[in-house]
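Okay, here's what each chain looks like letter by letter:
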Amino acid sequence: MVNSGKARAHTNIALIKYWGKADETYIIPMNNSLSVTLERFYTETKVTFDESYTKDTLILNGEAVTANESAKISRFMDVVRLQAGTTMFAYIESENHVPTAAGLASSASAYAALAAACNKALNLGLTGKALSRLARRGSGSASRSIYGGFVEWEKGHDDESSYSFPVEADNWEQDLAMIFVVINNKSKKVSSRAGMSHTRDTSRFYQYWLDHVDEDIASVKHAISQKDFMQMGEVIETNGLRMHATNLGAQPPFTYMVEDSYLAMDIVHQCREAGYPCYFTMDAGPNVKILVEKKNQQAVIEALHQSFDKDQIIASDIISTGVEIIE
């Protein structure tokens, strides 16, 4: 018996950061986070289960993946099989529509799409909440990519209580965009996973970070309800910098920021002074993401072009729809 399904999911950027796991096995975060889902970057994945297969196979962008990546996928598929009550292996074909220079981890859209495709192929009938929980087992941020627009990930305390849900914004996300300043797309010296663990375990600033995340989430949700771009921007900028400060407080300290990261931040400040409100955030890497109202997007892009090449600047709308079945 052959069972197949194909799904598309978009990647997301956290405005209030997820930084550190409380449970490494189930990927339970130390804190809640809040993100926006991006129209420009997505993954399409088809999965086929068949009793004749003797192992899981992943073809990514037309090529077989490494042994390490294959093993990681198989661990996730074991979770799917356990939930579905099946022993069938799967053939997975995945295409990442993420510019290679974007400096964006595609794991969020990849595992969200895979979870949705498996849900379809095996007729699991999962709700959005259950699908979010399943995607989380592959990648924490994939939990948020089940939905479009603004999304909050409730940290919970176990597998059942840790999931994402949409934040009502009265379609305000359609007025906003995100600009990516690609500083460096090379492999990081400190991976996100290693950075999270090291900071959680050794940073003298980490508890301060945790103590203020709930306040940041509440402030951003209030700003969303009021469509107050300035309030939201100030909070997300502070939250992102506070996250990076925890890395500097680790033993030994480390940072993802480089000289051009600071240059991009300075241009954001200059744009605000010129009357074009925009706010930056950064994840575990040197690239800078800038949230801006669409009406000011071109002015900010032109300011960035004074210091960065055109191929270093990538803009994306925010998509309102979540993961979708396409076959």
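Residues numbered from 1 in each chain as written. Predicted model: local features only at pLDDT ≥ 70, side-chain atom pairs only at ≥ 80, totals over all residues. Heavy atoms only, no water.

Undergrad: Can you help me understand the overall build of the protein in this one?
TA: Secondary structure assignment for the protein yields eight helices and 14 strands. Compactness check: the protein gives a C-alpha radius of gyration of 19 Å against a globular reference of 20 Å for 327 residues, within 12% of the reference. Across its three principal axes, the protein shows a C-alpha extent of roughly 65 × 40 × 35 Å. When each of the 327 residues of the protein is scored for burial, the buried share is 54%. Taking all contacts inside the protein whose residues are at least 6 apart in sequence as the whole, residues at least 24 apart take part in 76%. Summed over all atoms, the accessible surface of the protein reaches about 14400 Å², with 47% contributed by carbon and sulfur. (Helix = DSSP H or I, 4+ residues; strand = E, 2+ residues; numbered from the N terminus. Rg over C-alpha atoms; globule rule 2.2 N^0.38 Å. Buried < 20%, exposed > 50% of the residue type's maximum accessible area, 1.4 Å probe, protein only. Contact = heavy atoms within 4.5 Å. Areas by Shrake-Rupley, 256 points an atom, 1.4 Å probe, with all protein chains shown as cover.)

Undergrad: Explain the layout of surface pockets to me, please; I cannot follow it from the model alone.
TA: Any empty space left between atoms is shown by rolling a water-sized probe over those atoms. If you add up the space inside the second largest pocket, you get close to 220 Å³. A per-element tally of the lining of the second largest pocket places helix H1 (residues 67-84) first, with four residues. Residue composition of the lining of the second largest pocket, grouped by class: four nonpolar, two polar and five charged. (1 Å grid on protein atoms, 1.4 Å probe; cavity = no way out; pocket = protein on both sides within 12 Å on 5 of 7 lines; lining within 4 Å. Points joined across faces, edges and corners; volume = space filled by probe spheres on them. Nonpolar A, V, L, I, M, F, W, Y, C, P; charged D, E, K, R; others polar.)

Undergrad: Is there a simple way to think about the pairing of strand E12 (residues 288-293) in this case?
TA: Looking along a regular strand, one sees side chains alternate from face to face of the sheet. Burial runs high along E12: six of the six residues are buried. Burial along E12 is two-sided: Val288, Ile290 and Val292 facing one way and Lys289, Leu291 and Glu293 facing the other are all buried. Of the strand pairs in this sheet, strand E10 (residues 176-181) and E12 are connected by six bridges, and their pairing is antiparallel. Considered in E12, the bridge of Val181 is made with Val288. Between strand E11 (residues 278-281) and the antiparallel strand that follows it, E12, lie six residues. (Pairing = 2+ DSSP bridges.)

Undergrad: What is the right way to look at the domain arrangement of the protein in this model?
TA: For an interface, size is often stated in terms of accessible area lost upon the parts coming together. Examined at the domain level, the protein breaks down into domain 1 (2-171) and domain 2 (172-317). When each unit is reduced to the centre of its C-alpha atoms, the spacing between domain 1 and domain 2 is 24 Å. Between domain 1 and domain 2, the contact holds 36 residues from the first and 46 residues from the second. For the pair domain 1 and domain 2, the two sides together bury roughly 3400 Å², of which 65% comes from carbon and sulfur. Viewed at the interface, domain 2 and domain 1 are joined by four salt bridges. (Domains from an automatic or database assignment. Buried area = accessible area lost by both parts, 1.4 Å probe. Salt bridge = Lys/Arg side-chain N within 4 Å of Asp/Glu carboxyl O.)

Undergrad: Help me understand the nonpolar core in this model?
TA: In a soluble, globular protein the nonpolar side chains are often hidden away together inside. With 43 residues, the main nonpolar core has Leu15, Leu34, Phe150, Ile224 and Met232 as its most contacted residues. Counting residues per element, the ones that place at least two in this core are strand E1 (2-16), strand E4 (33-50), strand E8 (150-154), E10, helix H5 (206-226) and helix H6 (229-248). Sort the elements by how many residues they give to this core and H5 lands first, with eight residues. Among the domains, domain 1 (2-171) and domain 2 (172-317) are the pair contributing at least three residues each to this core. Setting aside its immediate chain neighbours within four residues, Leu15 contacts Leu34, Ser35, Val36, Phe150, Met178, Met232, Ile236, Asn239 and Leu291. The next biggest cluster of nonpolar side chains, apart from the first, holds 32 residues, and it includes Leu58, Met77, Tyr111 and Leu134. (Core = buried A, V, L, I, M, F, W, Y, C linked by side-chain atoms within 4.5 Å.)

Undergrad: Would you mind going over the packing of aromatic side chains with me for this structure?
TA: Aromatic ring pairs are described here by two measures, namely the spacing of the ring centres and the angle between the planes. This model, assessed by the stated rule, comprises nine aromatic pairs. Ring geometry for Trp19 against Tyr256: centres 6.4 Å apart, planes inclined by 80 degrees, an arrangement best described as edge-to-face. Residue Trp19 is found in the loop between E1 and strand E2 (21-23), and its partner Tyr256 is found in the loop between H6 and helix H7 (259-273); the two are separated by 237 residues along the sequence. Here Trp19 matches Tyr256 in class, with each residue buried. Measuring from centroid to centroid gives 6.1 Å for Phe150 and Trp172, while their planes differ by 25 degrees, and the two rings are stacked. A residue pair is termed long-range when its members are at least 10 positions apart, and Phe150 in strand E8 and Trp172 in the loop between strand E9 (163-166) and E10 qualify at 22 residues. Looking at Phe150, the relative accessible area reads 1%, which means it is buried. (Phe/Tyr/Trp six-rings, centres within 6.5 Å; stacked < 30°, edge-to-face > 60°.)

Undergrad: Is there a simple way to think about the environment of Tyr91 in this case?
TA: With respect to the secondary-structure elements, Tyr91 resides in strand E7 (residues 89-97). Residue class for Tyr91 comes out partly exposed when judged on its relative accessible area of 30%. Sequence-wise, Tyr91 and Asn3 are 88 residues apart; in three dimensions their C-alpha atoms are separated by 10 Å. Not counting residues up to four positions away in its chain, the partners in contact with Tyr91 are Lys46, Val47, Thr48, Tyr53, Thr57 and Ile59.

Undergrad: Teacher, can you tell me more about the environment of Asp78 here?
TA: Mapped onto the elements, Asp78 comes out in helix H1. Along the primary structure Asp78 and Asp175 are separated by 97 residues, whereas in three dimensions their C-alpha atoms are 41 Å apart.

Undergrad: Just checking my understanding: could you explain H1 for this structure?
TA: Given 3.6 residues per turn, any residue in an α-helix points the same way as the ones three and four places further on. Compared with the 26 Å implied by 1.5 Å per residue over 18 residues, the 25 Å span of H1 between its first and last C-alpha is a close match. Buried within H1 are the following residues: Ile73, Ser74, Phe76, Met77, Val79, Val80 and Arg81. Buried residues in H1 make contact with E4, strand E5 (57-60), E7, helix H2 (107-121) and helix H3 (128-136). Of the residues flanking the end of H1, it is Gly85, one or two places downstream, whose phi is positive at about 70 degrees. (Expected span 1.5 Å × (residues − 1).)

Undergrad: Would you mind going over the sheet that holds E11 with me for this structure?
TA: Hydrogen bonds along the backbone pair up the strands of a sheet, which may run parallel or antiparallel. Here we have four strands laid out as an open sheet, ordered E11-E12-E10-E13, and antiparallel in their pairing. The open sheet has two edge strands with one neighbour each: E11 and strand E13 (313-317). Strand-to-strand, the axes of this sheet are offset by a mean angle of 25 degrees, without reference to chain direction. As paired elements, E10 and E13 share five bridges and run antiparallel to each other. Each residue of the ladder has a partner; that of Ile179, found in E13, is Ala315. Running over the sheet, H6 touches E10, E11 and E12 and is turned about 25 degrees from E11. Here helix H8 (residues 294-304) sits on the sheet in contact with E10, E11, E12 and E13, set at roughly 140 degrees to E12. (Axes fitted to C-alpha atoms, helices over the stretch in contact; angles between N-to-C directions.)

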